[in-house]
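For reference, the chains in residue letters:
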Amino acid sequence: MLLLFDNTFLPSSTCTDITLILEKAIAELYSNAQIEGDAVRNLLIPAGIYYVSDIIDIPSNASLIGEGTGVTTLLSLNNDTPIFRTVYKGNVPFENPAKQSAFNPKNITIKNMTLAYSTSTSTLKPLVMFDDVENSTLENVEFTNKNVYLLIKTATNLDTLL
């Protein structure tokens, strides 16, 4: 398991934009040659309130684990984009499931955290996009804004807002 703030990933404080830190930590998870194939890679996000200013792409076999709802909180600075989005093999976002089906994102977990927009503005944009995923879970995740959604897209291109 990689702790988000191990070594070079340490932010200056909580209430800091950790977008680049999260991106680097997820890349670090996949640069470890000792972890092979479909092994799940765990990234622990410690207690604190953190800002995210852009979409964080989550590849297959990734688990992002906070220390609990209300304990680990990620706030999106952008009401027009999600905090997390699943991606196909090669970090390709969901576009045409018919062409990507052999590379569906799978085995993704987000758990033990609070997700919210940093403003109280109501939006119809999802905070999390699970696009054409297999064997993936959202566990003990709290959404604190009004009208916040999880978007699940399927191979038939039907969208489900939860």
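The preceding data block contains the structure.
Residues numbered from 1 in each chain as written. Predicted model: local features only at pLDDT ≥ 70, side-chain atom pairs only at ≥ 80, totals over all residues. Heavy atoms only, no water.

### Points about the overall build of the protein
And step 1. In terms of regular secondary structure, the protein is built from 2 helices and 13 strands.
And step 2. The contacts of the protein with a sequence gap of at least 6 include a subset with a gap of at least 24, amounting to 67%.
And step 3. By element, 50% of the accessible surface of the protein is carried by carbon and sulfur atoms, the whole surface being about 8,100 Å². (Helix = DSSP H or I, 4+ residues; strand = E, 2+ residues; numbered from the N terminus. Contact = heavy atoms within 4.5 Å. Areas by Shrake-Rupley, 256 points an atom, 1.4 Å probe, with all protein chains shown as cover.)

### Digging into the side chain of T114
And step 1. Counting through the fold element by element, T114 comes out in strand β9 (residues 109-117).
And step 2. Not counting the four nearest positions on each side in its chain, T114 is found in contact with T69, G70, T72, T73, L74, E142 and T144.

### Concerning the nonpolar core
And step 1. L74, F84, I110, M113 and L115 are the most contacted members of the largest nonpolar core, which has 26 residues in total.
And step 2. Elements that contribute at least two residues to this core include exactly α1 (19-31), β3 (48-52), β4 (56-58), β5 (62-65), β9 and β10 (126-131).
And step 3. The leading source of residues in this core is α1, at 5 residues. (Core = buried A, V, L, I, M, F, W, Y, C linked by side-chain atoms within 4.5 Å. Buried < 20%, exposed > 50% of the residue type's maximum accessible area, 1.4 Å probe, protein only.)

### What to know about unusual backbone geometry
And step 1. The residue N61 is not glycine, and still its phi comes out positive at about 65°.
And step 2. For N61, the position within the fold is in the loop between β4 and β5.
And step 3. On the basis of relative accessible area, N61 is assigned to the buried category, the value being 4%.

### Points about the pairing of β3
And step 1. Only one face of β3 is covered, namely the one carrying G48, Y50 and V52; the face carrying I49 and Y51 has none of its residues buried.
And step 2. In this structure, β3 lies alongside strand β6 (residues 72-76), joined through 5 bridges in parallel fashion. Counted as the bridge partner of Y51 is L75 from β6. (Pairing = 2+ DSSP bridges.)

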